[in-house]
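# A look at the structure
One-letter residues, chain by chain:
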Amino acid sequence: MGDIFINLWQGTIYAFSPINLLAIVIGYAIGVIAGAIPGVMAVTAMVLILPFTFTLEPLFAIALLMGAYKGGAYAGSITATLVNIPGTPEAAATALDSYPMSQRGEQQRALELALWASVIGGTISNLLLIFTAPPLAEVALLLGPAEIAALILFSLTAVITLLGDSLLDIWKGFISITLGLMLAVIGLDNMSATRRYVFGFEDLDSGVPFVLCIIALLALSEVFIQCERVRQLHIEQGFKGVKPIPYTWPQRWKDFKFCLKDLIRSSFLGSLLGALPGIGATTTAFVCYGEARRSAKKDNRFGQGDPRGIAAPEAGNNAVAASSLIPLVTLGIPGSVAAAVMYGAFMIQGMIPGPMLMQERPEVIYGLFVLLVLTDFIGAFMVALPFIYVVRRLLRRLDFSLFFPGVMACCVVGVYSEEFNVFHLRLFFILGVLGYLMRKNGFSIPPFILAFILGPILERNTRTALLIGGGSLEVFYTSKVAMILLILAVASLVWALWRKARGAESAGGLAVPEEFKH
Amino acid sequence: MKPRKELAIALGILAFCALNLLYFIPAQVAAEGSSTTYPHLLNGMLAFFALAYALEAVRQMWKSPAGERAEAGEKPSFLDVYGRTLLLMAVTGVWLFAMEATGFILSTFIFLPVAAYIFGSRSRWKPLVLGLVMPLIFYGVFRALHSQLPQGPVEALLSHLLD
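Residues numbered from 1 in each chain as written. Chains lettered and ligands numbered in written order. Predicted model: local features only at pLDDT ≥ 70, side-chain atom pairs only at ≥ 80, totals over all residues. Heavy atoms only, no water.

Okay, the overall build of chain A next. What chain A contains, in helices and strands, is 22 helices and 2 strands. The C-alpha radius of gyration computed for chain A amounts to 22 Å, which stays within 12% of the reference 24 Å derived for 518 residues, consistent with globular compactness. Across its three principal directions, the C-alpha atoms of chain A cover 75 × 55 × 50 Å. Residues classed as buried in chain A amount to 64% of the 518 residues present. The long-range share in chain A, meaning contacts at least 24 apart out of those at least 6 apart in sequence, stands at 79%. (Helix = DSSP H or I, 4+ residues; strand = E, 2+ residues; numbered from the N terminus. Rg over C-alpha atoms; globule rule 2.2 N^0.38 Å. Buried < 20%, exposed > 50% of the residue type's maximum accessible area, 1.4 Å probe, protein only. Contact = heavy atoms within 4.5 Å.)

Right, dumping it as structure tokens:
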């Protein structure tokens, strides 16, 4: 425990500089603007920033990305509250109560409740990350290739268990994962350096670039999807004029006391769900909302502007941000798409996240932890509060017909600037269309991306384990850890199939609406 | 989504698995001297999951054939729903595939207004201004960083004028 505090102090010295604090402010501001725009997720903002981090200092780049993620995670609730259009999928749960509250003229109350809940959820999750990551990283260092391969298999099967509501969704999840693993095979074999699936293109020798893949599947496919909704976006832009009711300090204190239990429960629940691979902020927000509604007395006003209906999902979805980094910093395995983007940012900086990085460069990891804690407070006080009104004015004037083509141009420049290769632009288009087709047909993108990132690690570790075992699979069942993880992988698969076969709904009887899945 | 469509997708994936097994793996993996074990394993997994997906789709078809028929006739036409997106995709494809020959500035100058009109822009001038300003901003940033965007006649002219 003492080591954690010493490392935290070193991390603070390393990270606490005006330039890094500025990065948080800039990142949070970008995240707030992006998150408030319907159709642009927090992760999309991160993805657009990612290629521009090549020339930046490591912590500046990471602070920028974390700021964008946390800003975006909060900002989804701004449009959800003001115009009942969730800026991000996770804000859909918040809208169930924040919009009715705002319709009563209590816009400021709804927006501030969402903000404070985000800060509390984020802070509790940050503290859990700081105190659980170091001991987990020490355990991770004891894992060999067989255990790592088994762990990745378990992570990939765990991703699928909470997908969708039917058996069809489960099989689609497995297909997404397998396609992601197949895409990762393209390029030179990482052990024998022979070519696979390159179709004569030398540009494919180094495989499909990670940044390109993420931008194409998340951002370009999203623009194609938004193109179908263009009329709806124009119509929904109208803001209704409701006379605002001021939010007083005694009322703030009363709301805080009233929501405290739900805030704490949702923060811990969000942290726990966020640490599991693939669950994500949207499911977490709905689970937290369902739990808050389930535990409330019968005379509650859920659905009509109950403050707990805003506090619980916001605390939950913001708690996911930090805890989803636990598998990344301890095991080197990104557990969510946002963590995958962070993984990319570390790689761009020449660092591979995982237990070794925590041992060799603790100042970077602990610096990241310090920045995470600071992001919530700096973002809330310096950016979010003043920005709420800026964003409202901006949204009124935003022309989506100019905005989305502009986003496409930014994506193209981002993809091109990674390796200055025109071939990559063609690949980007092909993957964007693939992402669009997958999403339109109900195939989930996050498992695909996670499998694409984890594929080379899985293959390398499996082959190394087999080499160590002389080609025999015995190496997997003689290791207790590998065996337990493989049993868990099979068990989670069987559980998921059994659960879907019974047609069970999400926790609290509240399923994530179809339009908010991606 | 209709079970019939789910079944068609599953069959499409199975066809891809067959193509991979019979052509891609022998021609693109084995012929290059690489081990085929892992690609075969992944292909087998994909075929298995696609088969399970197909069987589940068939089960769903048997379960609710009446409901599926009832939905028919209420939907807007394919072009109403996807026409705009398909047009945007085609324009994006032309933009990205032509960029090597035309350069970034010229292709983006044409693409941005066209895309804005596809997105339903009602303004005549704003998309043209966007198409003119945005590529030039990117050009300026890249030039300041001593990097190059895809080169074409406009980039060559600007370089000639500015150097």
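Turning to unusual backbone geometry, a few remarks are in order. All names here are of chain A. Its identity as a non-glycine residue notwithstanding, Tyr197 has a phi of 50°, on the positive side. Classification of Tyr197 as buried rests on a relative accessible area of 9%. Here Phe199, not a glycine, exhibits a phi torsion of approximately 50°, which is positive. On the basis of relative accessible area, Phe199 is assigned to the partly exposed category, the value being 38%.

Grouped together as the largest cluster of nonpolar side chains are 177 residues, with contacts concentrated most on Phe369(A) and Phe428(A). With 15 residues, the top contributor of residues to this core is helix H9 (residues 210–228) of chain A. Composition of this core by domain shows at least three residues from each of domain 1 (3–71) and domain 2 (78–162) of chain B. Those residues in contact with Phe369(A) that sit more than four places away from it in its chain are Leu129(A), Ile130(A), Ala133(A), Val329(A) and Met358(A). Judged by nonpolar contacts, the second largest core, of 27 residues, contains Ala75(A), Tyr247(A), Ala315(A) and Ile388(A). (Core = buried A, V, L, I, M, F, W, Y, C linked by side-chain atoms within 4.5 Å. Domains from an automatic or database assignment.)

Turning our eyes to something else, we now look at the packing of helix H8 (residues 167–185) of chain A against helix H20 (residues 445–468) of chain A. Residue and element names in this part refer to chain A. Packing of H8 against H20 brings their axes to within 7 Å, and their N-to-C directions diverge by 45°. Relative to H20, the element H8 lies oblique. Here H8 and H20 pass one another in a crossing that is right-handed. Residue-level contacts link Ser176, Ile177, Leu179, Gly180, Leu181, Leu183 and Ala184 of H8 to Pro447, Phe448, Ala451, Phe452, Gly455, Pro456 and Leu458 of H20. (Axes fitted to C-alpha atoms, helices over the stretch in contact; angles between N-to-C directions. Parallel < 35°, antiparallel > 145°, perpendicular 65-115°, else oblique. Left-handed = near helix turned anticlockwise from the far one by under 90°.)

Looking now at the domain arrangement of chain B. As far as domains go, chain B holds domain 1 (3–71) and domain 2 (78–162). Placing a centre on the C-alpha atoms of domain 1 of chain B and another on those of domain 2 of chain B gives a separation of 38 Å.

Further remarks concern the pattern of salt bridges. Residues and elements named next belong to chain A. In total, this model carries 18 salt bridges over all chains according to the counting rule given. A salt bridge links Lys70 to Asp376; the shortest N-O distance between them is 2.8 Å. Here the residue Lys70 occupies a position in helix H4 (residues 58–83), and Asp376 occupies one in helix H17 (residues 362–397), the gap between them amounting to 306 residues. As far as the burial class goes, Lys70 and Asp376 line up, both buried. Of the charged contacts, one joins Arg439 and Glu222 as a salt bridge, the two residues approaching to 2.5 Å between their closest N and O atoms. Taken together, the residues span a long stretch of sequence, with Arg439 in helix H19 (residues 422–440) and Glu222 in helix H9 at a distance of 217 residues. In this pair, the class of Arg439 matches that of Glu222, namely buried. Three or more residues are tied together by salt bridges with common partners; here these are Arg104, Glu106, Arg109 and Asp255. (Salt bridge = Lys/Arg side-chain N within 4 Å of Asp/Glu carboxyl O.)

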